[in-house]
Amino acid sequence: MTSADQPGSDQQPMAVMVELLSRPGPSKTVDDLAADLVGFAPDHEFEPVPMATGPTGEGPTVIIRGSIDTPDRMAQLAAQPGVVRVWLDTPTAPIDPSGLAI
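Residues numbered from 1 in each chain as written. Predicted model: local features only at pLDDT ≥ 70, side-chain atom pairs only at ≥ 80, totals over all residues. Heavy atoms only, no water.

## As for the nonpolar core
Reasoning step 1: Among the nonpolar cores identified, the biggest contains 15 residues, and Val18, Leu20, Leu37, Phe40, Ile64 and Leu77 are the most heavily contacted of them.
Reasoning step 2: Among the elements of the structure, strand S1 (14-21), helix H1 (30-34), strand S4 (61-68) and strand S5 (83-88) are those that each provide at least two residues to this core. (Core = buried A, V, L, I, M, F, W, Y, C linked by side-chain atoms within 4.5 Å. Buried < 20%, exposed > 50% of the residue type's maximum accessible area, 1.4 Å probe, protein only. Helix = DSSP H or I, 4+ residues; strand = E, 2+ residues; numbered from the N terminus.)

## Focus: the pairing of S4
Reasoning step 1: Counting buried positions over the eight residues of S4 gives six, a clear majority of the element.
Reasoning step 2: The sheet contact formed by S1 and S4 spans eight bridges and is antiparallel. Considered in S4, the bridge of Val16 is made with Gly66.
Reasoning step 3: Direction of pairing for strand S3 (residues 49-51) relative to S4: antiparallel, over a ladder of three bridges. Paired with Val49 across the two strands is Ile63, which belongs to S4. (Pairing = 2+ DSSP bridges.)

Spelled out as C-alpha cells, the structure:
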C-alpha cells in the first residue's frame, strides 16, 4: 500500500469513532458531545450510541462518529479530556459462515 492509498492522504477526511465519558444529565446531541473536541467534525447522521462502560471499566460512555483531517489528529484527539478511545471507522461486511466472501 502506498501512502496515497492510506486513509487521510491528500488531505481527505478520515472517518473515526470516538468514545467519550458520558456527562450526567439529559441525552446530548452529537454537537453537544463534540463541542470540546478540537479538530473533529461530527457526523450528524450518526446518533450517539450510549454504552454501559468503557473498555477498561470507566463509564458510562457514549460513541460518536465524525471525521478528522490528518492521521496525526487521531493521537491529538485521543489525548483530549473525556476521550476514552479513538479508532478508524472502517467498512464492515457480513461474514459468510461457509468462509467464502459475500
